[in-house]
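What the coordinates show
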Amino acid sequence: KQWYQRRVAITAGGEGDVIITGSLDQNLAMVRSEADKMEQVFVLKGHTETVNCSGVSPSQHQLASGSWDTFLKIWTTSLNEPCDEEEKKKRRKKSSSEPLLRTPL
């Protein structure tokens, strides 16, 4: 399954050329857009139902997402530092091409 399948909410914003997508699989994805390719940078996990809306703050430092689970989640848009401590530990142990995992602030 490709990251770009079944996307239902798309927002531009954050650092650089970043697109945030929400999906039927209850996750969001932060995707970096470059001239000739798109690369998924982070998977944002925390909703328990379909993510159907998202928006970036005027400062471009935070993202809000809404879901059919009736929760509004706030995330950082920083591309430099993952939020999830467990993910940081995993990354130190091994190098991976998988996108990093984030949890809400």
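Residues numbered from 1 in each chain as written. Predicted model: local features only at pLDDT ≥ 70, side-chain atom pairs only at ≥ 80, totals over all residues. Heavy atoms only, no water.

**Examining the overall build of the protein**
Using the following cut-off: Each helix is a run of H or I in the DSSP string that is no shorter than four residues. Each strand is a run of E no shorter than two, and both are numbered from the N terminus. Only protein chains enter the area calculation, which uses a 1.4 Å probe; residues under 20% of their type maximum are buried, those over 50% are exposed, and those in between are partly exposed. Note on definitions: a residue-residue contact is assigned when non-hydrogen atoms from the two residues lie within 4.5 Å. Methods summary: accessible areas were calculated by the Shrake-Rupley approach with a probe of 1.4 Å, and residue burial reflects only the protein chains presented.
Broken down by element type, the protein carries one helix and eight strands. Counted from the first residue to the last, the protein has its helices and strands arranged as β-β-β-β-β-β-β-α-β. When the 105 residues of the protein are sorted by exposure, 39% land in the buried category. For the protein, the proportion of contacts with a sequence separation of at least 24, taken over those separated by at least 6, is 39%. Total accessible area on the protein stands at roughly 6,300 Å², and carbon and sulfur atoms take up 50% of it.

**Concerning the packing of aromatic side chains**
Going by this rule: Stacked, tilted and edge-to-face pairs are distinguished by plane angle, under 30 degrees for stacked and over 60 for edge-to-face with tilted covering the rest, among Phe, Tyr and Trp rings (Trp via its six-membered ring) whose centres lie within 6.5 Å. Cation placement over rings: the criterion is NZ of Lys or CZ of Arg within 6 Å of the ring centroid and within 35° of the ring normal.
All chains considered together, the criterion is met by zero aromatic pairs. Geometry around F71 places K73 over its ring, the cationic atom sitting 5.3 Å from the centre.

**Comments concerning the nonpolar core**
Keep this limit in mind: Only buried Ala, Val, Leu, Ile, Met, Phe, Trp, Tyr and Cys residues count toward a nonpolar core, and they belong to the same one when joined by side-chain atoms within 4.5 Å.
The biggest cluster of nonpolar side chains holds twelve residues, and these are V18, I20, L28, M30, V41, F42, L44, V51, L63, W75, L79 and L100. If you list the elements that add at least two residues to this core, you get β2 (18–23), β3 (27–33) and β4 (38–45). Ranked by the residues each element gives to this core, the list is headed by β4, at three residues.

**Some points on the side chain of H47**
Using the following cut-off: Any pair of N or O atoms that falls within 3.5 Å is considered a polar contact. Within protein, one atom must be able to donate a hydrogen and the other to accept it, and sequence-neighbouring residues count only if both atoms are side-chain atoms.
As for its position among the elements, H47 is in the loop between β4 and β5 (51–56). Here S65 takes part through its side chain, which lies 2.7 Å from a polar atom of the side chain of H47. At a separation of 3.1 Å, a polar atom in the side chain of H47 contacts the side chain of D69. When residues no more than four places from it in sequence are discounted, the contact partners of H47 are Q26, L28, S65, G66, S67, D69, F71, K73 and W75.

**Brief notes about the sheet that holds strand β6 (residues 62–67)**
One key point about sheets: their strands pair by backbone hydrogen bonds, in either a parallel or an antiparallel sense. This is how the line gets drawn: When DSSP finds two or more bridges between two strands, those strands count as paired. To obtain each axis, a line is fitted to C-alpha atoms, and for helices this fit is confined to the stretch in contact; angles are then taken between N-to-C directions over 0 to 180 degrees.
Within the open sheet, the three strands sit side by side as β5-β6-β7. Their pairing is antiparallel. Two strands close off the open sheet at either side, each with one partner strand: β5 and β7 (72–76). Going from strand to strand, the sheet's axes swing by 25 degrees on average, the running direction of each strand aside. In the sheet, β6 pairs with β7 via five bridges, with the strands oriented antiparallel. Bridging across to β7, L63 finds its partner in W75.

**So, the pairing of β6**
Pairing of β5 with β6, which is carried by five bridges, proceeds in the antiparallel orientation. Across the sheet, V56 pairs through a bridge with L63, a residue of β6. Between β5 and β6, which pair antiparallel one after the other, the connecting turn spans five residues, and Q60 there sits at a positive phi close to 70 degrees.

**What about a nonpolar patch on the surface?**
The condition is simple: To count toward a patch, a residue needs a relative accessible area above 30% and no salt bridge. Like charges then connect within 9 Å, nonpolar side chains (Val, Leu, Ile, Met, Phe, Trp, Tyr) within 5 Å. Throughout this description, the term salt bridge denotes a Lys or Arg side-chain nitrogen within 4 Å of a carboxyl oxygen of Asp or Glu.
A contiguous nonpolar patch, built from L72, I74 and L105 and spanning about 310 Å² of accessible area, is present on the exposed surface. In this fold, I74 is placed in strand β7. Assessed through its relative accessible area of 34%, I74 is described here as partly exposed.

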